Amino acid sequence: MKLKDKVALVTGGSRGIGRAVCLAFASQGAVVAVNATTFEGADKTAGEIRKRGGRAIAIKADVADPQQVNVMVEKVVNEFGRLDILVNNAGISMAKSSAELPIEDWNRAINIDLNGVFYCSQAAGRQMLKQKSGNIINMSSMYGLVVAPGRAAYSTSKGGINALTKVLGVEWAKDNIRVNAICPGYIMTELVTDLIDKGILDEAKLRKRCPMGRLGNVDEVAKVAVFLASDDSSYITGQTIVVDGGWSVYGYIID
Ligand code: NDP
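What this report covers is the structure whose coordinates are included nearby.

Here is what the cut-offs are and how they apply
- Residues numbered from 1 in each chain as written.
- Predicted model: local features only at pLDDT ≥ 70, side-chain atom pairs only at ≥ 80, totals over all residues.
- Heavy atoms only, no water.
- Helix = DSSP H or I, 4+ residues; strand = E, 2+ residues; numbered from the N terminus.
- Rg over C-alpha atoms; globule rule 2.2 N^0.38 Å.
- Buried < 20%, exposed > 50% of the residue type's maximum accessible area, 1.4 Å probe, protein only.
- Contact = heavy atoms within 4.5 Å.
- Areas by Shrake-Rupley, 256 points an atom, 1.4 Å probe, with all protein chains shown as cover.
- Near = heavy atom within 4 Å.
- Polar contact = N/O pair within 3.5 Å; in protein donor to acceptor, adjacent residues only side chain to side chain.
- Expected span 1.5 Å × (residues − 1).
- Core = buried A, V, L, I, M, F, W, Y, C linked by side-chain atoms within 4.5 Å.

Broken down by element type, the protein carries eight helices and seven strands. For 255 residues, the compact-globule formula gives about 18 Å, and the C-alpha radius of gyration of the protein, at 17 Å, lands near that figure. With the principal axes as the frame, the protein shows a C-alpha extent of 55 × 40 × 40 Å. Here the protein holds 255 residues, and the buried ones make up 50% of them. Looking at the protein alone, contacts between residues at least 24 apart form 71% of all its contacts between residues at least 6 apart. Carbon and sulfur atoms form 52% of the exposed surface of the protein, whose accessible area is close to 12,200 Å².

In structure tokens:
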């Protein structure tokens, strides 16, 4: 087991990529604190882990609220005595033309997708600095590296996460805290099916555009999170690992 008895907190663990990360961590022996905006949502994943014989708790918190974030981290430390791994996974999509984007929508996306990552990293980092050990994994996006029209708030957040990953990686390296990011391409979750249902994305076109000819699945991201959380990546920090089926490096004509 690669994460035996490690205490992990995963934000946005009720479904999609976050849920897959929670289950993968638990299968590697981690104790998992599952966060979501509702207790019921978080506890669905935590319950699945407990049913499989693992240890997990659910914590309701909005990552965009620094006070709730501090209470969340306190709860984990009170319950398990430490915090070894934080996965900043919670996020929302925001696809609207920049000229039309209401300022409230811009602020909401930046608050959850970017500020939330800093609030959680700061709260967890303070505990990890005391422990002199820790591991933070940020769920960024290939849209933090390459961009698309109508994704101003999303890409700005994800690009910010990539920069924050580098800063915290170098700032906390001497304290034995590693900080890395994963940049997924299109992964089949509710976040993507929602955009397909609204007609913002076309699934057939997405497949065609991707060199691998398909969307990714959540387990393909979770496996990378396990790698980054474990000692298998012990000399890696400040990095972004792209998991996109070749999407972001493809520069030729689409047939
Ligand atoms: P989903 O929409 O399926 O899940 C999002 C998760 O985030 C849910 O658990 C949701 O909880 C939680 N969440 C949303 N807002 C908050 C908040 N304010 N506080 C706490 N939790 C919150 O998304 P995905 O699984 O697809 O995406 C997960 C991450 O991966 C996101 O950061 C996303 O940007 C990133 N990503 C996804 C890609 C994809 O193709 N799917 C591609 C690239 C990056 P609740 O149930 O309470 O709403």
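Having seen the model, we can carry on.
This brings us to the site of the ligand. Taken together, 31 residues surround the ligand, and among them S14, R15, T37, Y154 and T189 come closest. In this structure, S14 approaches the ligand through a side-chain N or O atom, which is 2.6 Å from an oxygen atom. In the model, an oxygen atom of the ligand is placed 3.3 Å from a nitrogen or oxygen of the G185 main chain. Burial of the ligand by the protein chains amounts to 93% of its free accessible area of 900 Å².

Below, the discussion takes up helix α5 (residues 152-171). Over its 20 residues, α5 extends 28 Å from the first C-alpha to the last, a length consistent with the 28 Å expected when each residue adds 1.5 Å. Turning to α5, its buried residues number three or more, namely A153, Y154, S155, S157, K158, I161, N162, L164, T165, L168 and G169. Of the surrounding elements, those touching the buried residues of α5 are α4 (103-131), β5 (134-139), β6 (177-184) and β7 (240-243).

Here we come to the nonpolar core. Ranked by size, the top nonpolar core spans 37 residues in total, and within it L9, V76, L83, L86 and M128 carry the most contacts. Every element with two or more residues in this core is listed here: β1 (7-10), β2 (31-36), β3 (56-60), α3 (66-80), α4, α5 and β6. Looking at which element gives the most residues to this core, the answer is α4, with nine residues. Not counting the four nearest positions on each side in its chain, M128 is found in contact with L83, D84, I85, L86, S133, G134, N135, I136 and I177. Listed in part, the 35 residues of the second largest apolar core include A24, A58, V218 and V243.

As far as function goes, none of this settles anything; it's purely spatial.
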